[in-house]
Every structure is written in structure tokens, then in C-alpha cells.
Amino acid sequence: MILDELNFAELYRQQMQQAGRTTKAPEHWDARAEKMAEVCANPQDPYLVQLQSKIDLRNASTLLDMGCGPGSVCLNLAGSLTRVWGVDYSRGMLEVAGRRAAAMGLQNVTLLNKSWEDDWTEIPECDIAVASRSTLVADLQQALIKLNNKARLRVYTTHTVATSFVDVAVQRAVGRPVVELPNYIFAVNILYQLGIHPKVDYIRGPNCQNKTESFEQFSESVSWSLGTLDDTELQRLFDFYQQKKRMGQVIVPPSRDWALVYWDKTQTL
Ligand SMILES: C[S@@+](CC[C@H](N)C(=O)[O-])C[C@H]1O[C@@H](n2cnc3c(N)ncnc32)[C@H](O)[C@@H]1O
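Since this is a predicted model, take the numbers as computed values, not measurements.

The rules behind the values
Residues numbered from 1 in each chain as written. Predicted model: local features only at pLDDT ≥ 70, side-chain atom pairs only at ≥ 80, totals over all residues. Heavy atoms only, no water. UniProt positions renumbered as here; feature names shortened; annotations may be inferred. Helix = DSSP H or I, 4+ residues; strand = E, 2+ residues; numbered from the N terminus. Near = heavy atom within 4 Å. Polar contact = N/O pair within 3.5 Å; in protein donor to acceptor, adjacent residues only side chain to side chain. Nonpolar A, V, L, I, M, F, W, Y, C, P; charged D, E, K, R; others polar. Expected span 1.5 Å × (residues − 1). Buried < 20%, exposed > 50% of the residue type's maximum accessible area, 1.4 Å probe, protein only. Contact = heavy atoms within 4.5 Å. Salt bridge = Lys/Arg side-chain N within 4 Å of Asp/Glu carboxyl O. Lys, Arg positive; Asp, Glu negative; His and termini not counted. Phe/Tyr/Trp six-rings, centres within 6.5 Å; stacked < 30°, edge-to-face > 60°. Disulfide = S-S within 2.5 Å.

(A) Spotlight on the UniProt feature "domain: Methyltransferase" (unreviewed entry) in the chain. The positions UniProt marks with the feature "domain: Methyltransferase" (unreviewed entry) are residues 64–142. Annotation note: span residues 64–142, helix share 25%, strand share 25%, distance between end C-alpha atoms 17 Å.

Written as C-alpha cells, this is what we have:
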């Protein structure tokens with residue numbers, strides 16, 4: 001079979017390399033923790049509402065939320081479970097998650113400071129394992145195997161549908177080399193090659209970082225993803241923004257779609 005000649009785990013690593021994507025230090029996320037709590041962890045966030053409606057908690061009493069950030073998934077589901085574990089390599093994110101858990105009066109949340117790459121012996125097996133918007137790791141195959149090994153009943157992972165966080169037209173306008181990242185198709189194929197046949201669903205909705213009402217909001221959201229823009233880049237972005245406004249066009253596509261790649265743990269690796 002021709003497809004078997006392709007090693008998707010390796011293709012994923014190559015795509016990450018081609019994108020010049022180096023593993024981000026936890027400090028990168030520490031700096032984003034407060035803002036993420038505000039914009040992405042809000043229980044009414046359309047992404048979270050949709051994701052949670054698709055997570056089947058039947059017969060489940062424990063949940064592992066890997067790359068939990070400000071506790072977006074585990075805190076909202078803690079009320080329906082006996083115990084939840086939130087794991088993240090960013091201490092800043094865990095601090096925010098801990099503060100939010102206390103404010104919500106939750107007593108059944110354990111937060112662990114670990115990375116995808118660490119030894120996971122300390123992380124308990126849970127009925128449900130989730131990795132939400134936290135799957136852009138250096139080695140996706142290893143990550144999926146580790147997550148699968150910690151789940152008793154079901155595994156839920158989300159991945160981008162698009163191949164870039166910042167619209168390609170915006171990257172071009174700013175003058176940066178266009179960077180494209182591996183999207184959910186890699187996850188589906190890696191799992192297939194591991195002998196797992198996942199289901200795929202889509203979470204569609206507004207991009208929680210996509211504010212374009214004013215240029216300040218727009219440039220802030222672009223530099224959130226691309227890093228600080230220098231004066232020339234900022235001017236180019238401004239020209240792009242003004243031109244789009246003048247022509248009555250949308251600045252960037254208003255939604256960011258996520259693919260939910262999920263499976264039952266009836267299959268062993
Ligand atoms: C976009 S946030 C998602 C947070 C949350 N799961 C959500 O859906 O709102 C990505 C999270 O993954 C964490 N992360 C990124 N790389 C990681 C790694 N190698 N090990 C552990 N956590 C990681 C970051 O610290 C951050 O909290």
C-alpha cells in the first residue's frame with residue numbers, strides 16, 4: 001500500500017522543522033497566562049462550550065487535562081467528576097488555574113507541573129484524557145502515545161484545521177516568511193499508523209484572539225502569535241488593515257476552526 005510508505009510521525013517532525021518551529025520555553029506561556037484566562041478559559045467561550053458538549057463523561061469519574069493552561073477544560077468539568085488533574089509545563093498557567101479553582105470553590109483539582117516530554121510516572125491513569133489546543137509539540141506521535149496510555153475510557157485531542165495561526169495574507173503583508181504548521185491531518189494519520197481509528201469532529205467558531213475592531217486590537221492579536229513587530233512591520237500591517245477597511249473587506253477570516261480527534265480506549269497499542 002503506497003500510504004504505508006509515508007511515515008506520518010516523521011512527516012510531522014519535518015513540517016515542524018520546516019516551519020522553523022522550535023520548542024517554546026514555558027516562560028513564553030507564563031507571559032500569556034493572565035490573558036488566556038480572560039479570553040480563552042471563560043466558561044461561555046464558544047470553543048469550550050462546543051468541546052465540552054462533545055466530551056462523553058458516561059462512567060467517568062476522573063479526567064486528565066494535558067496542557068491545561070488556565071484550567072480551561074478541567075475546571076469547567078470538575079463539578080461533574082470525582083477528581084481532575086490539570087498538567088502544564090508553565091508555572092504561570094498553573095498559578096492562574098489554581099487561583100481560578102479556588103475562586104470556583106473546587107476541592108477536587110490537582111495541578112501538576114510537567115511537560116509533554118517529561119517522565120509521566122506521577123500522572124495517574126484517568127478515565128478521560130484531554131489535550132485541548134495544546135498538541136503542537138515537537139513529537140506528536142510520542143505525545144499521542146503517552147496520552148493514550150493514561151486514558152481508561154476515552155481520549156479527546158484538538159488540533160488546528162488551518163495550517164497557520166496567523167492568516168497567510170497577514171504574514172505576507174507584514175513581510176515575514178510564511179510559516180505553515182502541521183494541522184489535524186497529521187494526528188489522524190499518525191493514529192491510523194499506530195492502529196487507532198479516531199473519530200473526527202469540528203469545533204467552529206470565533207477566534208478568541210481575533211479582534212479587529214480597531215487597529216490596536218488587530219496588531220495586538222497579530223503580535224500575540226507572531227511575536228513583537230518592528231516599526232516597519234507595524235507600518236505594513238497598518239497599510240494592510242487600512243486597505244481592507246477601505247475596500248469593505250473582512251480583515252481576517254473571522255473564525256478559527258479546530259478539529260476534535262477522539263477515540264475510545266478499546267484499542268491497545
Ligand atoms: C493554547 S494553550 C491551551 C490551554 C487550554 N488547554 C485551552 O484549551 O484553553 C496551550 C497550553 O499548552 C501548554 N504547553 C505547551 N507546550 C507544552 C509542553 N511541551 N508541555 C506541557 N505543556 C505545554 C502551554 O503552557 C499552554 O498552557
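(B) Region of the structure containing the site of the ligand. Gly67, Ser72, Asp88, Trp116 and Ser132 are the nearest of the 18 residues found near the ligand. Within the backbone of Gly67, an N or O atom sits 2.8 Å from a nitrogen atom of the ligand. In this structure, Gly69 approaches the ligand through a main-chain N or O atom, which is 3.5 Å from an oxygen atom. For the shell around the ligand, the class distribution of residues is seven nonpolar, seven polar and four charged.

(C) Structural context of helix 6 (residues 91–103). For helix 6, built from 13 residues, the straight-helix expectation of 18 Å at 1.5 Å per residue is met to within 8% by its first-to-last C-alpha distance of 18 Å. If you check which residues of helix 6 are buried, you get Gly92, Met93, Leu94, Val96, Ala97, Arg100 and Ala101. Residues of helix 6 that are buried in the fold lie against helix 2 (26–30), helix 3 (33–39), helix 5 (74–77), strand 2 (83–88) and strand 3 (109–113). At the exit of helix 6 stands Gly105, carrying a positive phi of roughly 70°.

(D) Broad picture of the pattern of salt bridges. Using the criterion set out here, one finds 14 salt bridges in the structure. Between Asp45 and Arg133 there is a salt bridge, and its shortest N-O distance comes to 3.9 Å. On the criterion of sequence distance, the pair formed by Asp45 in the loop between helix 3 and helix 4 (46–54) and Arg133 in the loop between strand 4 (126–131) and helix 7 (140–150) is long-range, its members being 88 residues apart. With a relative accessible area of 21%, Arg133 lands in the partly exposed category. A single network of salt bridges, built from pairs that share partners, joins Glu10, Arg13 and Asp139.

(E) Up close: the side chain of Asp88. With respect to the element layout, Asp88 can be found in strand 2. Buried and without a salt bridge, Asp88 has Arg91 as its closest oppositely charged side chain, separated by 10 Å. Within the structure, the side chain of Asp88 is placed 2.9 Å from the backbone nitrogen of Ser90, a separation counted as a polar contact.

(F) Spatial organisation of the packing of aromatic side chains. For the structure shown, the criterion picks out nine aromatic pairs. The interplanar angle of 65° and the centroid separation of 5.7 Å between the aromatic rings of Tyr47 and Trp258 together place this pair among those described as edge-to-face. Taken as a pair, Tyr47 in helix 4 and Trp258 in strand 7 (residues 258–264) lie far apart in primary sequence, 211 residues in all. Here Tyr47 falls in the buried class, since its relative accessible area comes to 6%. By relative accessible area, Trp258 is classed as buried at 9%. For the ring pair Phe218 and Tyr241, a centre distance of 5.5 Å and an interplane angle of 25° mean the geometry is stacked.

(G) View of the state of the cysteines. Counting across every chain of the model gives zero disulfides. Unpaired in this structure, Cys68 has its nearest cysteine sulfur neighbour in Cys74, at a distance of 4.9 Å. With no disulfide partner, Cys126 has as its closest neighbouring cysteine sulfur the one in Cys74, 11 Å distant.

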